[in-house]
Amino acid sequence: MENLFKLDKLEKTYPNGVRALKGVSFDVNKGEFLVIIGLSGSGKSTMLRCLNRIHEPTGGDLQFKGKSVVSLKGRELRQYRSKIGMIFQHFNLVPRKSVLENVLTGTLSRTSIFKSVFNMYSDADRQKALELIEVVGLKGKEMHRADNLSGGQQQRVSIARALMQDPEVLLADEPVASLDPATSHSVMEYLRKIQQQYGITVICNLHFLSLVREYGTRVVALKGGEKMFEGSPSEIDEDWFKRIYGEQAVEVTIN
Amino acid sequence: MKKKSTAFKTLLIDFLLASYLVLCIDSFIFTRHTMENGIDWASFGVVLLIGLILGLILNRVSKLSIGKMFLKEYDTSKARGIGQKPYAILGLVILAVTFYVGVLVTELSFYEFFSQAGIQGATRIFTALLNPNFEVLDQGILAVIETIYMAFIATAFSLPFAFLLSFFAARNLMNGSGFGLTVYYVIRFFLNVSRSIEPLVWAIIFSVWVGIGPFAGMLALMIHSVSSLAKLYSEQIENISEGPLEAMTATGAHPIQVIWYGVVPQVILPFLSFTIYRWDINVRMATVIGLVGGGGIGTLLMQFQGLARWNEVGLLIIIIAAVVWLMDFLSSKIRESIK
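Thresholds applied
- For every chain, the first residue of the written sequence is number 1, and numbering continues from 1 onward in sequence order.
- Lettering of chains starts at A and numbering of ligands starts at 1, both following the order in which they are written.
- At least 70 in pLDDT is required for a residue's local features to be given in this predicted model, at least 80 for side-chain atom pairs to be given and counted, and no such filter applies to totals for whole chains, interfaces and linings, which use all residues.
- Side-chain figures throughout are based on the complete set of non-hydrogen atoms in the structure, without hydrogens or water.
- Burial status follows relative accessibility: with a 1.4 Å probe on protein chains alone, a residue under 20% of its type maximum counts as buried, one over 50% as exposed, and anything between as partly exposed.
- In DSSP terms, a helix is any run of H or I states spanning at least four residues, a strand is any run of E spanning at least two, and both are numbered starting from the N terminus.
- Each pair of strands is called paired provided DSSP finds at least two bridges between the two strands.
- Here, residues are in contact when the closest pair of their heavy atoms is within 4.5 Å.
- In this analysis, axes come from line fits to C-alpha atoms, helices being fitted only over the stretch in contact, and the angle between any two N-to-C directions falls in the range 0 to 180 degrees.
- Segmentation of the chain into domains, including their bounds, is taken from an automatic or database domain assignment.
- When two parts are put together, the accessible area they lose, computed with a 1.4 Å probe and summed over both, is reported as buried area.
- One speaks of a salt bridge when a side-chain nitrogen belonging to Lys or Arg is within 4 Å of a carboxyl oxygen belonging to Asp or Glu.
- Under this definition, polar contacts are N or O atom pairs within 3.5 Å; protein pairs additionally need one hydrogen-donor-capable and one acceptor-capable atom, and for neighbouring residues in sequence, both atoms have to be side-chain atoms.
- Three classes are used: nonpolar for Ala, Val, Leu, Ile, Met, Phe, Trp, Tyr, Cys and Pro, charged for Asp, Glu, Lys and Arg, and polar for all others, with Gly counted as polar.

### Structural notes on the pairing of strand 9 (residues 218-223) of chain A
Residues and elements named next belong to chain A.
Okay, so step 1: Burial within strand 9 is extensive, with five of its six residues counted as buried.
Okay, so step 2: Across four bridges, strand 3 (residues 33-37) lies against strand 9 in parallel orientation. Among the inter-strand pairings, Leu34 is bridged to a residue of strand 9, identified as Arg218.
Okay, so step 3: Of the strand pairs in this sheet, strand 9 and strand 10 (residues 226-231) are connected by five bridges, and their pairing is antiparallel. Paired with Val220 across the strands is Glu230, a residue of strand 10.
Okay, so step 4: The hairpin turn running from strand 9 into strand 10, its antiparallel successor, is two residues long, and Gly224 in that turn takes a positive phi close to 55°.

Written out as structure tokens, the structure reads:
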């Protein structure tokens, strides 16, 4: 199995002194659907943001395809980021812009500053953006304002935006946490499609274990900034569940 | 450590307030100081000394420490009504003394207001103002057009400067590095200084620099507009949602692209709204600036006022009121429609 990310005692301490990651080590393999679970504040989001260096790790090493990426700067860093798509809990679309314009922002790293400021995207990019909008089932909504769409539709726009980067990995930070159960499954189905049909590795933070068991191929659990479990979703039994989420926790399912 | 500095702060407040009280009573109520007397620095020293002693007594011995009140050193949970908060009564006494001194200093006089000569003067000027001379209508309209355009150009020229500066004056964009923060503080400092100088003062400076006329007025308004708009813009930038910014960074976009897509779409309409409002304010300010030689209808008003031609002044006041009302109306309508 080809190794994609290698986290080696990765640490993150915020300027206010909070130690979000206390030396986390694990590997991410190419093509898998890796799910990160853990309580709020366990370091899941921080971990994900350290992978594409939106947050700077403060210790340890991070390798992408065998090369350390913790000291990349400027253009090299931006090119590295462009290989990693990301979607967010609150979608983070550009307000007041159309679906098409939002999807096209996925090409910013390869479009010159001048051209992107004046919306001068190449025909090939426009064509590709239209195709991806169709892939996520939003054909006909290209010129609608993205911030007027429903939550599930906005998340699909952000998936199309991430795909526009031609990514090798997709990071998903609680992609369904602000969606209703039915929409959640539809968005998760799109993520699975991306992983299986496009061969893009997916690393996804999730809350619901039912979703983890259904979609994940492997699970890493974090607690208090430390890795406390790594294995297949079926291995998480009642005992592990209580160790990850605390004695008082009761599992909630989402159908 | 913290306890000590709090105690010092309460003492400092009590000392300053006690000195103020002594100074008020001594120089205004007893000796009735006026401008001509100058300041007697020796007795000012004595006042400070008495203030220090009084402040110490208030702070240490009595329950009248306002410093302790401000820094919440008193337990107010059991105090019922003002009777059990003697320090609040002292506060009211200081307020009353300030009010009394204020009345003395502003030379309030009902006699002047209602005297025979006063009433006659008022009747004369109001009669003239209410009978505007429409012969200078052309002149007034041309002058007010000058004022409106001057305000427009001042707003338009200040816009690109304010737009660029605002990004460097927004804390959330600049706190990435030590260098960024330094730039932020330097720009904030200059914006605060230039904003605290009134456009009227700028107009005086520029009327010496480029000569009396609309150009001087335009420059004065522009300087003030740049700093005011940059502040409003940057506050808007500080309030944006970080999400799109984060998403654009994650795509591997250049920082300029991140700002163009992550920040600008979120702030463009508020910016436009602030700018239109600024034009509205600038029209009003341009009138005042004209009084010190900034051109436009203010300068014309000043000329007629100097000649005591009150009928002409009356007409100009009508024109100004009409234009200000119209600008106010239009700008609020436009701002509503672009929300």
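### Remarks on the sheet that holds strand 1 (residues 3-13) of chain A
All names here are of chain A.
Okay, so step 1: Sheet architecture is open: four strands sit in the order 2-1-4-5, paired in antiparallel fashion. Both outer strands of the open sheet, strand 2 (19-29) and strand 5 (67-68), are each paired with one neighbouring strand and no more.
Okay, so step 2: Looking at chain direction, strand 1 and strand 4 (residues 59-64) are connected through five bridges and run antiparallel. Bridged to Lys6 within strand 4 is Gln63.
Okay, so step 3: Lying on the sheet, helix 1 (residues 44-51) is in contact with strand 1, strand 2 and strand 4; it crosses strand 1 at an angle near 120°.

### Considerations on the domain arrangement of chain A
Residues and elements named next belong to chain A.
Okay, so step 1: Parsing chain A into structural domains produces domain 1 (1-83 + 169-190 + 201-255) and domain 2 (86-166).
Okay, so step 2: The gap between the C-alpha centroids of domain 1 and domain 2 is 25 Å.
Okay, so step 3: Each partner contributes residues to the interface: domain 1 has 20 residues there, and domain 2 has 17 residues.
Okay, so step 4: For the pair domain 1 and domain 2, the summed buried surface comes to about 1400 Å²; carbon and sulfur atoms form 64% of the total.
Okay, so step 5: Applying the counting rule to domain 1 against domain 2 returns zero salt bridges.
Okay, so step 6: Remark: the boundary between domain 1 and domain 2 carries seven residue pairs in polar contact (both at pLDDT 80 or more).
Okay, so step 7: In terms of residue class, the side of domain 1 that touches domain 2 is made up of ten nonpolar, five polar and five charged.

### So, the domain arrangement of chain B
Okay, so step 1: In terms of domains, chain B is made up of domain 1 (2-108) and domain 2 (134-337).
Okay, so step 2: When each unit is reduced to the centre of its C-alpha atoms, the spacing between domain 1 of chain B and domain 2 of chain B is 41 Å.

### Brief notes about the interface of chain A and chain B
You'll often see interface size given as the accessible area lost when the parts meet.
Okay, so step 1: Each side of the interface is counted separately: chain A has 28 residues, and chain B has 19 residues.
Okay, so step 2: Both sides of the chain A and chain B interface together cover about 2100 Å² of buried area, and 64% of this is carbon and sulfur.
Okay, so step 3: Summed over the three residues of chain A that lose the most area to chain B, namely Arg78(A), Leu108(A) and Ile113(A), the buried surface amounts to 26% of that side.
Okay, so step 4: Our count for the contact surface shared by chain A and chain B stands at one salt bridge.
Okay, so step 5: Notably, a salt bridge pairs Arg49(A) with Glu246(B), separated by 2.4 Å at the nearest N-O pair.

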